[in-house]
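In case you want the letters, here they are:
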Amino acid sequence: MKILAYLIQKEFTQIFRNKALLPMMTILPIVQLIVLSNAASNEVKNVNLVVVDKDHSEQSRLLTRKIVANERFSLVSAPYSKENAMETMQTNGADIVLEIPQNFERSFLKGERPQLQILVNAINGQQATVGVGYLNSIIGTFNKELQTRVGQPAIGKNANIQIASRNWYNPEIEYTHFMAPGILAELTALLTIILSAMNVVREREMGTIEQINVTPIKKWQFIVGKLVPFLCVGLLLLTVGLIASKLIFDIPMLGNIGIIFMYAIVNLIAVLGLGLLISNFANTQQQAIFVAFFFILIFVLMCGLFTPIDSMPKWAQYFTIPNPLAHFISVSRKVLMKGSGLADIKMEFLYTFILAILFNSLAIWSYKKQS
Amino acid sequence: MTEHAIEVTGLTKRFGDFTAVDAISFHVSKGEIFGFLGANGAGKTTAMRMLIGLSKPTEGDGFVAGYNIRTEAEQIKKGIGYMSQKFSLYNDLTVKENIRFYGGIYGLSKKQIAEKTAEILEELDLLEVAKKTVGALPLGWKQRLSFAVSMVHDPDIVFLDEPTGGVDPYVRRQFWETIYQQADAGRTIFVTTHYMDEAEYCDRVSIMVAGSIEALDTPKELKKQFASTTMDDVFLKLAR
């Protein structure tokens, strides 16, 4: 126990003495938190629209006006021919081309069913689907109004079901409320994995690890001596991050913050174990960073922060089980936004606990005092 | 076993097809200054790493400080000190902090650490720089501090891997004076070096060539044996 205390003391002295490390560990993540939470938005706020109006009737103009009145759409141009419209799309100037056919108004009044064409630039899949969704609902409303106005009986009589939706846990769909807890969890985990992955390798590069290896120190003491200081750093970052998120984004904190910290300890131990494991196999800091990045990329892209885990293919969903980041994000969102208690996050706890045991056992096992 | 600080027989280390150390056998008596010489790549460091428990022997057996190097490496570590070529102190820690850290992981008590620190600072005349980081010290000071730190737990045997590389003759002389002090106090010193004048300071010297020990005796006997006047000559005759 005493030996461990000396290891931890030494690590803290080094952390506090390193002028670059402390700001890197606190200020940078907060800046990232602020920037990312605002910027990494899935909302589609601006759709560039080209309308090819071949009808030039009262109704076709009314429809165009209605669409443009919506702030999400901006009318880029209104050419006469579809070719011109396609050119605009080709140069990426337009996301959606709406073509209103000739005799649109006339055939509508005749009771025929005129067809509008929507051409979508699907290079940006999200922009395309969401944009078309908006557009369809505007056209749908327009259609209904027109029918009532011209006194035509509704063509589909079943179109009378009203759907009223209410958003639970985030009633105003505040994007930052959803993103900030996730990004905070992500940053905390990433920072600790990098710090731990770099640390042991640094000792190897400096040659100090050899000096430690000729002492009778136990392997677990060495690993725990590395783990505890970085765990504290991670928890500090989490605390600062939570305060910053509350002050800046006013994120909801419905659940017990204690649960977040309790879970974070288990999670950080798991992540640190992985970092130390990487560190044991790397000979240079460069190698360690590359391997750490490999894991970080997979963890970040498959953690449910940017794309919901539920919409991944089945095999990929299984891949999120050994991803500590996915559990961390899930827990922080559940507890903060939904007020979940321990019972609601028991699976996350269980998986992370297993990961923590696994990664750290491997780290202790792979740390060789003798070659 | 007990009368010898180090005793090895047929010690061998192979890396794949390459035999770095080829069945060497020797012993080192207690309180002796044993010079472990050899050209670069002759296998000195590899042999030494096996003795201090950093590397597992492929074949052969040995005892260091009364413990088996194959099965009791961790026990050996309690009784030996090691100073590597890189004098592995933490450059970002102060002199005091380095002593405290290594004292701490050898299991010394707070009181013992405080005593040791005072003793080292005094002996090495480092009181003024006690709160400076080691990185800011001149090389010669670092080497002497590193030597002192490697003995913070009062080991019976100290292994020194090229301890005096890159410093001027005066600092080297100073360093050897401390080595003599330690040997007089009853410590066994096992030292590798490239400087032949240093070899003259040793009680006995072994010279390794391509993984084997080609000569082992007192410097005086070796010179006689190879009909040379200096150890330089002896070394050149063997290493060629």
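Calculation criteria
Residues numbered from 1 in each chain as written. Chains lettered and ligands numbered in written order. Predicted model: local features only at pLDDT ≥ 70, side-chain atom pairs only at ≥ 80, totals over all residues. Heavy atoms only, no water. Helix = DSSP H or I, 4+ residues; strand = E, 2+ residues; numbered from the N terminus. Rg over C-alpha atoms; globule rule 2.2 N^0.38 Å. Buried < 20%, exposed > 50% of the residue type's maximum accessible area, 1.4 Å probe, protein only. Contact = heavy atoms within 4.5 Å. Areas by Shrake-Rupley, 256 points an atom, 1.4 Å probe, with all protein chains shown as cover. Lys, Arg positive; Asp, Glu negative; His and termini not counted. Charge placed at Lys NZ, Arg CZ, Asp CG, Glu CD. Patch = residues over 30% accessible without salt bridge, like charges linked within 9 Å, V, L, I, M, F, W, Y side chains within 5 Å. Salt bridge = Lys/Arg side-chain N within 4 Å of Asp/Glu carboxyl O. Axes fitted to C-alpha atoms, helices over the stretch in contact; angles between N-to-C directions. Parallel < 35°, antiparallel > 145°, perpendicular 65-115°, else oblique. Left-handed = near helix turned anticlockwise from the far one by under 90°. Nonpolar A, V, L, I, M, F, W, Y, C, P; charged D, E, K, R; others polar. Buried area = accessible area lost by both parts, 1.4 Å probe. Polar contact = N/O pair within 3.5 Å; in protein donor to acceptor, adjacent residues only side chain to side chain. 1 Å grid on protein atoms, 1.4 Å probe; cavity = no way out; pocket = protein on both sides within 12 Å on 5 of 7 lines; lining within 4 Å. Points joined across faces, edges and corners; volume = space filled by probe spheres on them. Pairing = 2+ DSSP bridges. Phe/Tyr/Trp six-rings, centres within 6.5 Å; stacked < 30°, edge-to-face > 60°. pLDDT = per-residue confidence, 0-100. Core = buried A, V, L, I, M, F, W, Y, C linked by side-chain atoms within 4.5 Å.

Participant: Would you mind showing me how to read the overall build of chain A here?
Facilitator: When its secondary structure is counted, chain A shows 14 helices and four strands. For 371 residues, the compact-globule estimate of 2.2 N^0.38 gives 21 Å, and chain A exceeds it by more than 25% at 28 Å. Taking the principal axes of its C-alpha atoms as reference, chain A extends roughly 95 × 45 × 40 Å. Put simply, chain A has 371 residues, and 47% of those count as buried. Relative to all contacts within chain A whose residues are 6 or more apart in sequence, the contacts with residues 24 or more apart total 79%. For chain A, the accessible area works out to roughly 18900 Å², and carbon and sulfur atoms hold 63% of it. Distance between charge centroids for chain A: 10 Å, based on 31 positive and 23 negative side chains.

Participant: Is there a simple way to think about the overall build of chain B in this case?
Facilitator: Counting secondary structure elements, chain B contains nine helices and 10 strands. A compact globule built from 240 residues would reach a C-alpha radius of gyration of about 18 Å, and chain B, at 18 Å, matches this within 12%. Across the 240 residues in chain B, those meeting the buried criterion constitute 54%. In chain B, the proportion of contacts linking residues at least 24 apart, taken out of those at least 6 apart, comes to 66%. Mean positive and mean negative side-chain charge positions of chain B (28 and 33 charges, respectively) differ by 4 Å.

Participant: I keep staring at a negative patch on the surface and nothing clicks. Help me out?
Facilitator: Residue and element names in this part refer to chain B. A surface patch of negative charge is lined by Glu122, Glu123, Asp125 and Glu128. Positionally, Glu128 belongs in the loop between helix H4 (110-123) and helix H5 (139-150). Judged by relative accessible area, which is 82%, Glu128 ranks as exposed.

Participant: Even after reading the chapter, I still don't get the packing of helix H3 (residues 58-69) of chain A against helix H6 (residues 125-149) of chain A, so can you show me in this structure?
Facilitator: Residue and element names in this part refer to chain A. Where H3 meets H6, the closest approach of the two axes is 10 Å, and the angle between their N-to-C directions is 140 degrees. As the angle between them shows, H3 and H6 are arranged oblique. Considering the relative orientation of H3 and H6, their crossing is right-handed. Touching Gln59, Leu62, Leu63, Lys66 and Ile67 of H3 are Leu135, Ile138, Ile139, Phe142, Glu145, Leu146 and Arg149, all from H6. Across the contact of H3 with H6, the residue classes break down as eight nonpolar, one polar and three charged.

Participant: Any chance you could explain the interface of chain B and chain A here in plain terms?
Facilitator: Often the size quoted for an interface is simply the accessible area lost on bringing the parts together. The interface is formed by 36 residues belonging to chain B together with 27 residues belonging to chain A. For the pairing of chain B and chain A, the buried interface totals around 2800 Å² over both sides, and the portion due to carbon and sulfur atoms is 54%. It is Leu54, Tyr90 and Ile105 of chain B that lose the most area in chain B upon contact with chain A, and together they represent 21% of the buried surface on that side. At the boundary of chain B with chain A, the tally comes to four salt bridges. Measuring nitrogen to oxygen at the nearest pair gives 2.8 Å for the salt bridge that ties Lys369 of chain A to Glu74 of chain B. At the junction of chain B and chain A, the tally comes to 13 residue pairs in polar contact (both at pLDDT 80 or more).

Participant: So what exactly am I meant to see when it comes to empty space enclosed by the protein here?
Facilitator: One water molecule sets the probe size; rolling that probe over the atoms shows where empty space is left. Enumeration over the complete set of coordinates arrives at three cavities of 30 Å³ or more. Reported here for the largest cavity is a volume of approximately 80 Å³. What lines the largest cavity is simply Gln211, Val214 and Thr215 of chain A together with Tyr82, Met83, Ser88, Leu89, Tyr102, Tyr106, Ser146, Val149 and Ser150 of chain B. Secondary-structure elements contributing two or more residues to the lining of the largest cavity are strand S6 (80-83) and H5 of chain B.

Participant: Can you walk me through a nonpolar patch on the surface in this structure?
Facilitator: All names here are of chain A. The grouping of Phe281, Leu358, Leu362 and Trp365 at the surface amounts to a nonpolar patch, some 450 Å² of accessible area in total. Sort the elements by how many residues they give to the nonpolar patch and helix H14 (residues 346-366) lands first, with three residues. Here Trp365 is to be found in helix H14.

Participant: Is there a simple way to explain the sheet that holds strand S5 (residues 67-68) of chain B in this structure?
Facilitator: Where strands meet in a sheet, backbone hydrogen bonds hold them as pairs that are either parallel or antiparallel. Residue and element names in this part refer to chain B. The four strands are arranged S2-S1-S4-S5 in an open sheet whose pairing can be described as antiparallel. At either end of the open sheet lies a strand with only one pairing partner, and these are strand S2 (18-29) and S5. Sheet topology places strand S1 (residues 4-15) next to strand S4 (residues 59-64); five bridges connect them, and they run antiparallel. Across the sheet, residue Val8 finds its bridge partner in S4, namely Gly62.

Participant: Would you take a moment to explain the packing of aromatic side chains for this structure?
Facilitator: Aromatic ring pairs are described here by two measures, namely the spacing of the ring centres and the angle between the planes. All names here are of chain B. Tallying each qualifying case throughout the model produces 20 aromatic pairs over all chains. Ring centres of Tyr90 and Tyr102 lie 6.3 Å apart, and the angle between their planes is 25 degrees; on these two criteria the pair is classed as stacked. One end of the pair, Tyr90, is in the loop between S6 and helix H3 (95-105); the other, Tyr102, is in helix H3, and 12 residues separate them in sequence. Across the pair, exposure class does not vary: Tyr90 and Tyr102 are buried alike.

Participant: Would you explain the sheet that holds strand S1 (residues 47-53) of chain A in this entry?
Facilitator: Residues and elements named next belong to chain A. Taken in spatial order, the four strands make up an open sheet running S2-S1-S3-S4, and their pairing is mixed. Two strands in the sheet have a free side with no partner beyond their single neighbour: strand S2 (73-77) and strand S4 (117-120). Geometrically, the sheet is characterised by an average inter-axis angle of 30 degrees between neighbouring strands, direction not taken into account. Across four bridges, the pairing between strand S3 (residues 96-100) and S4 is antiparallel. Within S4, the position partnered with Ile96 by the bridge is Val120.

Participant: Whenever I open this one, the confidence of the model for chain B confuses me. Can you help?
Facilitator: Do not read the fine detail of predicted coordinates wherever pLDDT is low. Per-residue confidence for chain B averages 90 on the pLDDT scale, and 98% of its residues sit at or above 70. Taken together, the chains of this predicted complex give a pTM of 0.80 and an interface ipTM of 0.88.

Participant: Any chance you could explain the nonpolar core here in plain terms?
Facilitator: Looking at soluble globular proteins, one finds that nonpolar side chains tend to be buried together. Within the largest apolar cluster, 124 residues are counted, with the highest numbers of intra-cluster contacts made by Ile6, Phe26, Leu51, Val64, Leu145, Phe159 and Phe190 of chain B. Of all the elements, helix H7 (residues 175-206) of chain A adds the most residues to this core, at 14 residues. For Val64 of chain B, the residues in contact, after removing those within four places along its chain, are Ala5, Ile6, Leu51, Ile69, Ile76, Ile80, Ile157 and Phe159 of chain B. Ranked by size, the runner-up nonpolar core spans 25 residues in total, among them Phe147, Val191, Met196 and Met231 of chain B.

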